[in-house]
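Examination of the molecular architecture
So the chains spell out like this:
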Amino acid sequence: MPSVELAIAAPAAAVWEVLVDLKVWPEWGPTVSGAELDGPGPLTFGSRGKVLTPVGVPLPFEIDEFVDGRAWGWRVAGVPATRHEVIPTRDGCVLSFGVPVWAPAYLPVMAVALPRIARLATARRSA
């Protein structure tokens, strides 16, 4: 799976919190205007919901990979989409985003999200 990554000087747990908090997805995801789960949270394996695109189109999603505190992947409108992984390091963590092999053109979009997540995780840590 093609991927982009960023070393972040914040605890892996803080970065993970940003990744699974649907309320902040629009703050870091350039192609996300909103998101909600169909049922009660938290985000976990099998969770279903809707993600709102910048043009206002809601798309259904399902979490089809989930390792608590470490990684999640999803299908959007039934199509395999991105994978998100937090790898703890001595100095914080590495955040990695993968895209399906047929979607390498989406990597620059994912690269925009990485520093946004770092900023949000750092702000949570100092709050």
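Summary of the structure given here. Bear in mind that the values here come from a model prediction, so they are computed numbers and not experimental data.

**Topic: the sheet that holds strand 5 (residues 71-76)**
- Reading across the sheet, the seven strands line up as 1-7-6-5-4-3-2 and stay open at both edges, with antiparallel pairing between neighbours. The two strands at the open ends of the sheet, each matched to only one other strand, are strand 1 (3-8) and strand 2 (34-37). Strand-to-strand, the axes of this sheet are offset by a mean angle of 25°, without reference to chain direction.
- Two strands pair when backbone bridges link them, and strand 3 (residues 48-52) and strand 4 (residues 58-67) are joined in this way by five bridges, in the antiparallel orientation. Directly across from Gly49, in strand 4, lies its bridge partner Phe61.

**Quick word on the pattern of salt bridges**
- Counted under the stated rule, the structure contains six salt bridges.
- In this structure, Glu65 engages Arg83 in a salt bridge whose closest nitrogen and oxygen atoms are separated by 2.8 Å. A residue pair is termed long-range when its members are at least 10 positions apart, and Glu65 in strand 4 and Arg83 in strand 6 (residues 79-89) qualify at 18 residues.
- The class for Glu65 is partly exposed, based on a relative accessible area of 26%.
- Here Arg83 makes a salt bridge to Glu85, at a shortest N to O gap of 2.9 Å.
- Residues participating in the shared-partner salt-bridge network are Glu65, Arg70, Arg83 and Glu85.

**Overview of the layout of surface pockets**
- The volume enclosed by the largest pocket comes to roughly 420 Å³.
- As for the largest pocket, its lining consists of 23 residues, of which Thr31, Trp74, Val76, Thr82 and Tyr106 are closest to the centre.
- Elements represented by at least two residues in the lining of the largest pocket include exactly helix 2 (25-28), strand 5, strand 6 and helix 3 (107-126).
- Tallying contributions element by element places strand 6 first for the lining of the largest pocket, with five residues.

**What about the side chain of Thr53?**
- The topology assignment puts Thr53 in the loop between strand 3 and strand 4.
- What Thr53 contacts, discounting residues up to four positions off in sequence, is Thr31, Ser33 and Leu59.

**Looking at unusual backbone geometry**
- Geometrically, the link from Gly41 to Pro42 is a cis peptide bond, its omega value of 5° lying close to zero.
- Within the fold, Pro42 resides in the loop between strand 2 and strand 3.

**So, the packing of aromatic side chains**
- All chains considered together, the criterion is met by eight aromatic pairs.
- Where Trp25 meets Phe61, the ring centres are 5.9 Å apart and the plane angle is 50°; that geometry is what we call tilted. In this pair, Trp25 sits in helix 2 while Phe61 sits in strand 4, placing the two residues 36 residues apart along the sequence.
- Judged by its relative accessible area of 2%, Trp25 is buried.
- Ring geometry for Trp25 versus Trp72: centroids 5.4 Å apart, planes at 10°, classification stacked.

How each quantity is defined
Residue positions are given per chain, counting from 1 as you read along its sequence in written order. Two thresholds apply to this predicted model, a pLDDT of at least 70 for residue-level local features and 80 or more for giving and counting side-chain atom pairs, whereas whole-chain, interface and lining totals are computed over all residues. For side-chain calculations, the full set of non-hydrogen atoms in the structure is used, while hydrogens and water are omitted. Only strands that DSSP links by at least two bridges are regarded as paired with each other. Numbering of helices and strands starts at the N terminus; helices are DSSP runs of H or I of at least 4 residues and strands are runs of E of at least 2. Interaxial angles span 0 to 180 degrees and are taken between N-to-C directions of axes, which are lines fitted to C-alpha atoms, for helices over the stretch in contact. Throughout this description, the term salt bridge denotes a Lys or Arg side-chain nitrogen within 4 Å of a carboxyl oxygen of Asp or Glu. For the exposure calls, accessible area comes from a 1.4 Å probe over protein chains only, and a residue counts as buried if that area is under 20% of its type's maximum, exposed if over 50%, partly exposed in between. Grid points spaced at 1 Å over the protein atoms alone were grouped into cavities, where a 1.4 Å probe fits but cannot get out, and pockets, open sets with protein on both sides within 12 Å along at least five of seven lines, with lining residues defined by an atom within 4 Å of a point. Grid points are joined across faces, edges and corners, and a volume is the space filled by probe spheres set on the points. By the convention used here, residues are in contact when the closest approach between their heavy atoms is within 4.5 Å. Ring pairs are drawn from Phe, Tyr and Trp, using the six-membered ring of Trp, whenever the two centres fall within 6.5 Å, and their geometry is named by plane angle: stacked under 30 degrees, edge-to-face over 60, tilted for the rest.

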